[in-house]
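# Descriptive structure summary
Single-letter residue listing:
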Amino acid sequence: MIANLVQLAAEEEQNPLIPPGPELLVGAIAFAIVFFFFWKKLLPNINKVLEERREAIEGGIEKAEAAQTEAQSVLEQYKAQLAEARHEAARLRQEAQEQGATLIAEMRAEGQRQREEIVAAGHAQIEADRKAAAQSLRQDVGQLATDLAGKLVGESLEDSARQSRTIDRFLDELEEKAEAAR
């Protein structure tokens, strides 16, 4: 049969697109052998590698999505903590301002109280000094008046009880005249 085909092929004019029959048959058998080898040996290995790559990629995507979700939750927590910290800082700042204002008011009140105490003590000291000066002045004026009266009268007015009464009466009259003049 092959011989007939060869003869038939030689008689006919050769078409360049169609290969001769024996070549076509040998090519088909070789293709079937290569196809069978690929299908039985290489295709399972290729599918196995592709499946592993697909699983690795899907696992990587799942891990990336999980990491992204975790990062998002951490970001939300961070934002919440930041907002809470800002709120706490504002509250502390407000409390510090209120405490500062209270402290200033307390210090002013304390300063006012101390000033009033100092002024009162000063007035009391001035009054005590005035009384002491008045007492000393009374004694000095009384002594001078007694000495002067004794020189005018010509006798000694040394009796201290009488002298004290006379001086007191004289000074009281002077104070009454001074107050009436005001």
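Below: a short report on this structure. Because the structure is predicted, anything quoted here is derived from the model rather than measured. (Residues numbered from 1 in each chain as written. Predicted model: local features only at pLDDT ≥ 70, side-chain atom pairs only at ≥ 80, totals over all residues. Heavy atoms only, no water.)

Counting its secondary structure elements, the chain contains three helices and zero strands. Start at the N end of the chain and walk to the C end: the helices and strands fall as α-α-α. Evaluated residue by residue, the chain yields a buried proportion of 4% over its 182 residues. Just so you have it, the chain exposes about 16,100 Å², and 61% of that area is on carbon and sulfur atoms. (Helix = DSSP H or I, 4+ residues; strand = E, 2+ residues; numbered from the N terminus. Buried < 20%, exposed > 50% of the residue type's maximum accessible area, 1.4 Å probe, protein only. Areas by Shrake-Rupley, 256 points an atom, 1.4 Å probe, with all protein chains shown as cover.)

Turning our eyes to something else, we now look at the packing of aromatic side chains. Scanning the model with the defined rule gives two aromatic pairs in all. Summarising the aromatic geometry, the rings of phenylalanine 31 and phenylalanine 35 are spaced 6.2 Å apart at their centres and angled 20° between planes, so their arrangement reads as stacked. One end of the pair is phenylalanine 31 and the other is phenylalanine 35, both in helix H2 (residues 21–153) and four residues apart, which spans about a single turn. For phenylalanine 31, a relative accessible area of 59% corresponds to the exposed category. (Phe/Tyr/Trp six-rings, centres within 6.5 Å; stacked < 30°, edge-to-face > 60°.)

Looking now at the pattern of salt bridges. For the coordinates displayed, the defined rule picks out seven salt bridges. The partner of glutamate 110 in a salt bridge is arginine 113, and the shortest N-O contact between them spans 2.2 Å. Of this pair, glutamate 110 and arginine 113 both sit in helix H2, three residues apart, which is roughly one turn of that helix. Note on glutamate 110: relative accessible area 30%, which makes it partly exposed. Residue classification places arginine 113 among the partly exposed residues on the basis of a relative accessible area of 36%. (Salt bridge = Lys/Arg side-chain N within 4 Å of Asp/Glu carboxyl O.)

Bringing a nonpolar patch on the surface into the picture now. On the surface, a nonpolar cluster with roughly 520 Å² of combined accessible area is contributed by Val34, Phe37, Phe38, Leu42, Ile46 and Leu50. Mapped onto the elements of the fold, leucine 50 is located in helix H2. (Patch = residues over 30% accessible without salt bridge, like charges linked within 9 Å, V, L, I, M, F, W, Y side chains within 5 Å.)

Locating glutamate 58 in the fold gives a position in helix H2. Classification of glutamate 58 by relative accessible area gives partly exposed; the value is 37%. In this structure the side chain of glutamate 58 is engaged in a polar contact, spanning 2.8 Å, whose partner is the side chain of arginine 54. (Polar contact = N/O pair within 3.5 Å; in protein donor to acceptor, adjacent residues only side chain to side chain.)

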